[in-house]
Amino acid sequence: MEYKKIGQIAAIAVIAVWVFCISFAVSMKIARGNDADVTLPPPVTQTPPVQGNQQAGISQNSGVTLNSGGNTVNAPTNSIIPPQQPTAPTQQAPTNAQQQQPTNTPSQTLKVPQSKAEIIKTYVDGVNALKQLDTFSLYKDDKLNITIDSITGGSIVQSFAESMLSNSQKQPVNYTFQNGYDSATGATPASTIAPLGKLASIDESFVTNASATKNADGGFTLNLAFASESQSYPNETVHHANVVEVVDVAGLVPSGATVNYMDMTYTGTTIEAVFDSTGRITYMKHYLNVSQCQGSGSMSVFTMNITLHGDFVSAYTITY
């Protein structure tokens, strides 16, 4: 089974909405976007988020072009970009005394972010650098859990819808990106890592908790928790859409069908990100909780209502 942008909880909700409307003959072949014919974003060399006294840069005028699902997406012009290493001055040959001095390793110099603003910036810089990197391996494992609270048509329709949902789980995928593409799937880092098709950005006011813990290997682990946010079709979320995978209903509505309304509430969204001693992300877990979803759709003479709740976990393991 294929469906566009796997992992979007509201997309699965919409599929359930149409179960009864089209008399149990719903087609589950929702085409996934083809990434093969898109423009490759420029490769980026990752740098540690904050080391020593180095200050990260913020671009106010230049945007970055990414690709996802065959579409070219321009990042906002005020996107935070990864810090650039200054050009090293010409070095003189070391003296004997200098040669005896120990050389700092990344684990000795990598600074663990402390403040809320530093933690947010470190994550945003890290994930955006990863989305633009051209060569690395990625293991992505998505898990979706949905509970239908009520649905038009009673228990028979609900049983069928729940069966569809349980059978729609996507298997984990291994991506090997070379020159910005995975040859097996045609995917790009930008089209695979949330937020899909654009650079991440986080408003500090949206973050309810931020923490950083140093790891034994010299790296650190960041944890971010986000405020609740509501979404009403056809509008997208103001904040969630810039950091995790959320609803994309438009491409899922069957021909001749109408979405009367769909309201969702995201509560308790969190992100965990592990950085190694050189400042690169090696693991991420995005947790998205839909505390309530209500929807209504119509097709021909049928009208259907549904309420549900659930959660979605997307885990990324990165190797370089």
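Residues numbered from 1 in each chain as written. Predicted model: local features only at pLDDT ≥ 70, side-chain atom pairs only at ≥ 80, totals over all residues. Heavy atoms only, no water.

**Comments concerning the overall build of the chain**
And step 1. Assigned secondary structure in the chain consists of six helices and 12 strands.
And step 2. Out of the 320 residues belonging to the chain, those deemed buried represent 47%.
And step 3. Accessible surface for the chain amounts to roughly 15,200 Å². Of this, 49% is attributable to carbon and sulfur atoms. (Helix = DSSP H or I, 4+ residues; strand = E, 2+ residues; numbered from the N terminus. Buried < 20%, exposed > 50% of the residue type's maximum accessible area, 1.4 Å probe, protein only. Areas by Shrake-Rupley, 256 points an atom, 1.4 Å probe, with all protein chains shown as cover.)

**Some details on empty space enclosed by the protein**
And step 1. Tallying each qualifying case throughout the model produces two cavities of 30 Å³ or more.
And step 2. The space that makes up the largest cavity amounts to roughly 50 Å³.
And step 3. Lining of the largest cavity is provided by A194, V244, E245, H286, Y287, L288, F312, S314 and Y316.
And step 4. For the lining of the largest cavity, the elements supplying multiple residues, two or more each, are strand 11 (281-299) and strand 12 (302-319). (1 Å grid on protein atoms, 1.4 Å probe; cavity = no way out; pocket = protein on both sides within 12 Å on 5 of 7 lines; lining within 4 Å. Points joined across faces, edges and corners; volume = space filled by probe spheres on them.)

**Let's talk about the environment of C293**
And step 1. Within the secondary structure, C293 sits in strand 11.
And step 2. Sequence spacing of C293 and S230 is 63 residues, and the spatial spacing of their C-alpha atoms is 9.7 Å.

**Regarding the nonpolar core**
And step 1. Y123, I202, L224 and M284 are the most contacted members of the largest nonpolar core, which has 54 residues in total.
And step 2. When sequence neighbours within four positions are dropped, the list of residues in contact with M284 reads Y123, V127, L130, I193, E272, A273, S314, A315 and Y316. (Core = buried A, V, L, I, M, F, W, Y, C linked by side-chain atoms within 4.5 Å. Contact = heavy atoms within 4.5 Å.)

**Re the confidence of the model for the chain**
And step 1. With 62% of its residues at a pLDDT of 70 or more, the chain has an overall mean of 73.
And step 2. With pLDDT under 50 throughout, residues 18-107 is counted as low confidence; its partners more than four residues away or in other chains account for 181 contacts. (pLDDT = per-residue confidence, 0-100.)

**What about the pairing of strand 8 (residues 229-232)?**
And step 1. Of the two faces of strand 8, the one lined by E229 and Q231 is fully buried and the one lined by S230 and S232 carries no buried residue.
And step 2. Here strand 8 runs beside strand 9 (residues 257-266); their pairing, made up of four bridges, is antiparallel. Residue Q231 lies in a different strand from strand 9, and its bridge partner there is M264. (Pairing = 2+ DSSP bridges.)

**Some details on unusual backbone geometry**
And step 1. Residue P195 follows A194 across a cis peptide bond; omega there is 0°.
And step 2. Within the secondary structure layout, P195 lies in the loop between helix 6 (189-192) and strand 6 (207-214).
And step 3. In the segment running from Y233 into P234, the intervening peptide bond is cis, with an omega of 10°.
And step 4. In this fold, P234 is placed in the loop between strand 8 and strand 9.
And step 5. A positive phi angle is found at N179, which is not glycine, with a value near 55°.
And step 6. Residue position: N179 is located in the loop between strand 4 (173-178) and strand 5 (181-182).

**A closer look at the environment of G126**
And step 1. Within the secondary structure, G126 is located in helix 4 (residues 116-131).
And step 2. With a relative accessible area of 8%, G126 lands in the buried category.
And step 3. Along the backbone, G126 and A200 are 74 residues apart, and their C-alpha atoms lie at a distance of 9.7 Å.

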